[in-house]
Amino acid sequence: MTQRRDEMFMNAALVEAQKAYLIGEVPIGAVVVKDNQIIGRGHNLREHLNDGIAHAEVMAIEEACRYLESWRLIDCELYVTIEPCLMCAGAIVNSRIDRVVFGARDSKAGAVRSLYRALEDSRLNHQVAVFEGVRQSACSQIMKDFFKAARKRKRQK
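First, a word on scope: everything that follows refers to the structure included in this document. Residue positions are given per chain, counting from 1 as you read along its sequence in written order. Reporting in this predicted model follows two pLDDT cut-offs: at least 70 for local features of residues, and 80 or more for side-chain atom pairs to be given and counted; totals over whole chains, interfaces and linings ignore these cut-offs and use all residues. With hydrogens and water excluded, all non-hydrogen atoms of the structure serve as input to the side-chain values.

### Focus on the environment of Ile-53
Cut-off, in case you're wondering: Helix and strand labels come from DSSP, where a helix needs a run of H or I of at least four residues and a strand needs a run of E of at least two; each type is numbered from the N terminus. Contact definition: two residues touch when any of their heavy atoms are within 4.5 Å.
Secondary-structure assignment places Ile-53 in the loop between α2 (46–49) and α3 (56–68). Between the C-alpha atoms of Ile-53 and Ser-114, which are 61 residues apart in sequence, the distance is 20 Å. Beyond its immediate stretch of four places on either side in the chain, Ile-53 contacts Val-58 and Met-87.

### Some words on the packing of aromatic side chains
Any two aromatic rings considered together are summarised by their centre-to-centre distance and by the angle between their planes. Put simply, the rule is: Ring pairs are drawn from Phe, Tyr and Trp, using the six-membered ring of Trp, whenever the two centres fall within 6.5 Å, and their geometry is named by plane angle: stacked under 30 degrees, edge-to-face over 60, tilted for the rest. Exposure is judged per residue with a 1.4 Å probe applied to protein chains only, and the accessible area is read against the type maximum: over 50% gives exposed, under 20% gives buried, and values in between give partly exposed.
Inspection of the entire model under this criterion finds 3 aromatic pairs. Ring plane angle 70 degrees and centroid distance 5.8 Å describe the contact between Tyr-21 and Phe-146, whose orientation is recorded as edge-to-face. Of the two residues, Tyr-21 sits in helix α1 (residues 2–22) while Phe-146 sits in helix α5 (residues 136–156), which places them 125 residues apart along the sequence. For Tyr-21, a relative accessible area of 27% corresponds to the partly exposed category. We classify Phe-146 as buried; its relative accessible area is 8%. Put simply, the rings of Tyr-21, Phe-146 and Phe-147 touch in pairs and so form one group of aromatic residues.

### Focus on the pairing of strand β2 (residues 37–43)
This is how the line gets drawn: Strand pairing is assigned whenever DSSP detects at least two bridges linking the two strands.
In this structure, strand β1 (residues 29–34) lies alongside β2, joined through 6 bridges in antiparallel fashion. Looking at the pairing, Val-33 lines up with Ile-38 of β2.

### Quick look at the nonpolar core
Convention followed: Within this scheme, the nonpolar core is defined by two criteria: the residues are buried Ala, Val, Leu, Ile, Met, Phe, Trp, Tyr or Cys, and they are joined through side-chain atoms within 4.5 Å.
The biggest cluster of nonpolar side chains holds 43 residues, and the ones touching the most others in it are Val-32, Leu-73, Leu-78, Ile-92 and Leu-119. Those elements giving two or more residues to this core turn out to be α1, β1, α3, β3 (76–82), α4 (86–94), β4 (99–104) and α5. The element best represented in this core is α1, accounting for 6 residues. With sequence-adjacent residues up to four places away left out, Leu-119 is seen in contact with Ala-89, Ile-92, Val-93, Val-100, Val-112, His-126, Gln-127, Val-128 and Val-130.

### Regarding the side chain of Glu-16
For clarity, the cut-off: We define a polar contact as two N or O atoms separated by no more than 3.5 Å, with the added condition that, inside protein, one atom must be a possible hydrogen donor and the other a possible acceptor, whereas residues neighbouring each other in sequence contribute only through side-chain atom pairs.
Along the chain, Glu-16 falls in helix α1. Given a relative accessible area of 2%, Glu-16 falls into the buried group. Within polar-contact distance, the side chain of Glu-16 engages the side chain of His-43 at 2.9 Å.

### A word on the pattern of salt bridges
What counts is decided by this rule: Basic side-chain nitrogens of Lys or Arg form a salt bridge, by our definition, when they fall within 4 Å of a carboxyl oxygen of Asp or Glu.
Within this structure, the stated rule accounts for 10 salt bridges. In this structure, Lys-19 engages Glu-16 in a salt bridge whose closest nitrogen and oxygen atoms are separated by 2.9 Å. Of this pair, Lys-19 and Glu-16 both sit in helix α1, 3 residues apart, roughly one helical turn. The class for Lys-19 is partly exposed, based on a relative accessible area of 37%. For Asp-121, the salt bridge is made with Arg-123, and the minimal N-O distance between the two is 2.6 Å. Accessibility expressed as a relative area gives 75% for Arg-123, which makes it exposed. Residues participating in the shared-partner salt-bridge network are Arg-105, Arg-113, Arg-117, Glu-120 and Glu-132.

Written as structure tokens, this is what we have:
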């Protein structure tokens, strides 16, 4: 049951990633879930907003906070297509999210498994349960396709 549920919410995060892809943003998507309901959605908007912190996770967290009218996202889960970076890991810890599910690792910036284990660090005031690999191929493939197309565009210029 949990696996199907995780796949369903990761599919919603992949829809968000596709939105980013279609507007030329790095295709990462995220959703925040509480009581089996999506309460926050986000995709990368750094280029469109000229905002270095407009990552998918931050956008989804902000929407969930507005929905709950609270900065505390207790009993919430975050589904994100790619492993969160250090900034997003900090936002996750500070918003008190209980569980993070991500699709594929990010060997260059991932702060949950690849470079750091920020969400499980006992020195912090909050720890987060982490699950990885849900829809891993699809989450990885959209990134590969995006960067392949970007390299092709660059060569054509």
